Amino acid sequence: MRMAVVGLFAGMALAFAGYFGGFGAFLLVAALGAIGFIVGRFLDGDLEPGVFFRPRPRDRDR
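Residues numbered from 1 in each chain as written. Predicted model: local features only at pLDDT ≥ 70, side-chain atom pairs only at ≥ 80, totals over all residues. Heavy atoms only, no water.

### Remarks on the overall build of the protein
Note the threshold: Secondary structure elements follow DSSP: runs of H or I of four or more residues count as helices, runs of E of two or more count as strands, with numbering from the N terminus. For the radius of gyration, the atoms used are the C-alpha atoms, and the globule rule reads 2.2 Å times the number of residues raised to 0.38. Buried, partly exposed and exposed residues are distinguished by accessible area as a fraction of the type maximum, computed with a 1.4 Å probe on protein chains only: under 20%, between the cut-offs, and over 50%, respectively. For accessible areas, the Shrake-Rupley method is used with a probe of radius 1.4 Å. Any residue's cover is judged against the shown protein chains and nothing else. Residues counted as positive are Lys and Arg, residues counted as negative are Asp and Glu, and His and the chain ends are not counted. Every charge is mapped to an atom, namely NZ of Lys, CZ of Arg, CG of Asp or CD of Glu.
Of the regular secondary structure elements, the protein holds two helices and zero strands. Computed over the C-alpha atoms, the radius of gyration of the protein is 17 Å, more than 25% above the 11 Å expected from 2.2 N^0.38 for a compact globule of 62 residues. Viewed in the frame of its principal axes, the protein has a C-alpha envelope of about 50 × 30 × 20 Å. A total of 62 residues make up the protein; the buried ones form 2% of that total. Accessible surface computed for the protein: about 5800 Å², of which carbon and sulfur atoms make up 66%. Side-chain charges of the protein comprise 7 positive and 5 negative groups, with the mean position of each set lying 5 Å from the other.

Okay, structure coming up:
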């Protein structure tokens, strides 16, 4: 399935949640969608768990 179609379905789900459930439902659907996206990328092998826990390199030139 193309990413444009996935984006279309996600936008429609957010629109329905916002229309029928209000702003709180909109935020809940958006947050759960973001979590699902991250988990899906992790399961596909596109992300590694260490990416979120690795410290950023410090800039020593300042």
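### Focus on a nonpolar patch on the surface
The criterion, for reference: By definition, no residue in a patch forms a salt bridge, and every one has over 30% relative accessible area; like charges are joined within 9 Å, nonpolar side chains (Val, Leu, Ile, Met, Phe, Trp, Tyr) within 5 Å. The salt bridge criterion pairs a side-chain nitrogen of Lys or Arg with a carboxyl oxygen of Asp or Glu, the two atoms within 4 Å.
Nonpolar side chains collect at one region of the surface, where Val 5, Leu 8, Phe 9, Met 12, Phe 16, Tyr 19 and Phe 20 lie side by side and expose about 790 Å² of accessible area between them. Structurally, the position occupied by Leu 8 is in helix α1 (residues 3–44).

### Notes on the packing of aromatic side chains
Keep this limit in mind: Centres within 6.5 Å are what make two rings of Phe, Tyr or Trp a pair, Trp counting through its six-membered ring; a difference in plane orientation under 30 degrees is then read as stacked, over 60 as edge-to-face, and the rest as tilted.
Taken as a whole, this structure holds three aromatic pairs when the rule is applied. Note on Phe 16 and Phe 20: the rings are 5.9 Å apart at their centroids and 5° apart in plane angle, and the pair reads as stacked. You can see Phe 16 and its partner Phe 20 sitting in helix α1, four residues apart, about one turn around the helix. With relative accessibility at 48%, the residue Phe 16 sits in the partly exposed group.

### Side note on α1
Stated formally: Here a helix's expected span is defined as the number of its residues, less one, multiplied by 1.5 Å. Fitting axes to the seven residues ending at a residue and to the seven starting there, one defines the bend at that residue as the angle between these axes.
Over its 42 residues, α1 extends only 15 Å from the first C-alpha to the last, a length that falls short of the 62 Å expected when each residue adds 1.5 Å. Along α1, the sharpest change in direction is near 145° and occurs at Gly 21. Positive phi appears at Gly 45, one or two residues downstream of α1, with a value of about 90°.

### A closer look at the environment of Gly 22
Looking at where Gly 22 falls in the secondary structure, it is placed in helix α1. Residues Gly 22 and Val 39, spaced 17 residues apart in sequence, show a C-alpha to C-alpha distance of 26 Å.

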